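Spelled out from the first residue to the last, the chains are:
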Amino acid sequence: MAKDIEFIDLKTQYRMLKPAVDKRIATVLDHGRFILGPEILELEEELAAYVSVDHCISVASGTEALLIALMALGIGPGDEVITTPFTFAATAEVIALVGATPVFVDINLTDCNIDAALIEAAISSATKAIMPVSLYGQCADMDAINAIAERRGVTVIEDAAQSFGALYKGRRSCGVSTIGCTSFFPSKPLGCYGDGGAIFTSDAGLAQAMREIRIHGQSKRYQHDRVGVGGRLDTIQAAILLAKLGNFGEEVAARIRIGNRYCELLENIPGVRLIQVPADRTSVWGQFTILVDNRDEMIDALNAAAVPTAVHYPIPLHRQPAYADRSRVVGSLELSEIAARQVISLPMHPFLDTAVQDHIVEAIAKNARN
């Protein structure tokens, strides 16, 4: 290719949004309220309306969002949280940080999300929550998961770090369970220029608890009713997100269009397996990921063709030293291990043009193994 291929093209996005972003940042610099400034409330109101929930609590990162959600639920030592081992470490990390035990059940290979059919058998008397991960940009089978949770009296926390903007049966990711948590890490579908995240709920009591926890457990200044954390989103990051929100709908539509085109081009290539998106939901393709048997060979070939790649994720969490003695495993987790050996993520962003996409697919087709 004549130009470098961007895995995630934040520079083009900034050039397009520069006047709005710069104006928003300058406003914060002028008023000087860098912590919990007016842009925080403005952002929270806009995000809550977008997701169609009553409350949005902005926080310092997607990891803090999950941690604060667990703390608000009072989950701690002796408790268990059911989740997937095929995810970024933060999902299990926050469970361990509150002293609880991650319980890993397997995924399915159609979308690499947690297999809802395996969850109920993993529930014990210690289970307090289920934390499905909306991996690669689409929700898991949330209706089935919510039904299990209601039947067994546990709470569902959606880890929606990669899926903000996606739809599940007409509802937004982050608004399909008791609590939804997302990340605004720069590479996410909606990203700021540093760390950031948000928590969504329509439960007023949980919302109040989470607001207090993010400011060291304060119900009012220097009145600490809970143990909390320093988990606030910076005002400048809120300002950047507000500038990006105006164009977010167009970017989501572009992601879906580009993801659909990838699928059309790749579906008949032998040896390439696609992540499936059911008709009742959409994916914002936080990562566009395929599965191949010859991953190392494919990565080398793509790199030789100037195509950047990534692997999300090469080692499932039950195989990670940090969680080997801190977790409970239910079943063989065989499909998680297969996915960990086969997944490869391709360039994906709203500005990926068709010529670049064709080049990427051509390189894959030349090196796919039957």
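The model shown is predicted, which means the values in this text are computed figures rather than measured ones.

## Here we look at the pattern of salt bridges
At step 1: With the rule as written, the count across this model stands at 17 salt bridges.
At step 2: For E120, the salt bridge identified is with R152, shortest N-O distance 3.5 Å. Taken together, the residues E120 in the loop between β3 (101–104) and β4 (127–131) and R152 in helix α5 (residues 142–152) connect sequence positions 32 residues apart.
At step 3: Residue class for E120 comes out partly exposed when judged on its relative accessible area of 27%.
At step 4: Linking E297 and R369 is a salt bridge whose minimum nitrogen-to-oxygen distance equals 3.3 Å. Taken together, the residues span a long stretch of sequence, with E297 in helix α8 (residues 295–304) and R369 in the segment after α11 (354–367) at a distance of 72 residues.
At step 5: Under the relative-accessibility criterion, E297 is labelled partly exposed at 41%.
At step 6: Each of E120, R151 and R152 takes part in salt bridges that share partners, so that together they form one network.

## Focus on the side chain of Q162
At step 1: By the element assignment, Q162 lies in the loop between β5 (155–159) and β6 (167–168).
At step 2: Of the residues examined, Q162 reaches a relative accessible area of 6% and is grouped as buried.
At step 3: Polar contacts involving the side chain of Q162 include one to the side chain of Y313, which spans 2.9 Å.
At step 4: Not counting residues up to four positions away in its chain, the partners in contact with Q162 are S134, L135, Y136, G137, K188, P189, V284, G286, Q287 and Y313.

## Details of the sheet that holds strand β15 (residues 343–346)
At step 1: One open sheet holds the three strands; their spatial order is β12-β13-β15, and the pairing between them is antiparallel. Lying at the two open borders of the sheet, with one neighbouring strand each, are β12 (272–274) and β15. Within the sheet, the average angular offset between the axes of one strand and its neighbour, ignoring direction, is 40°.
At step 2: Examined bridge by bridge, strand β13 (residues 288–292) and β15 share four bridges and lie antiparallel to one another. Note that in β15 the partner of L291 across the bridge is V343.

Rules behind the numbers
Residues numbered from 1 in each chain as written. Predicted model: local features only at pLDDT ≥ 70, side-chain atom pairs only at ≥ 80, totals over all residues. Heavy atoms only, no water. Salt bridge = Lys/Arg side-chain N within 4 Å of Asp/Glu carboxyl O. Helix = DSSP H or I, 4+ residues; strand = E, 2+ residues; numbered from the N terminus. Buried < 20%, exposed > 50% of the residue type's maximum accessible area, 1.4 Å probe, protein only. Polar contact = N/O pair within 3.5 Å; in protein donor to acceptor, adjacent residues only side chain to side chain. Contact = heavy atoms within 4.5 Å. Pairing = 2+ DSSP bridges. Axes fitted to C-alpha atoms, helices over the stretch in contact; angles between N-to-C directions.

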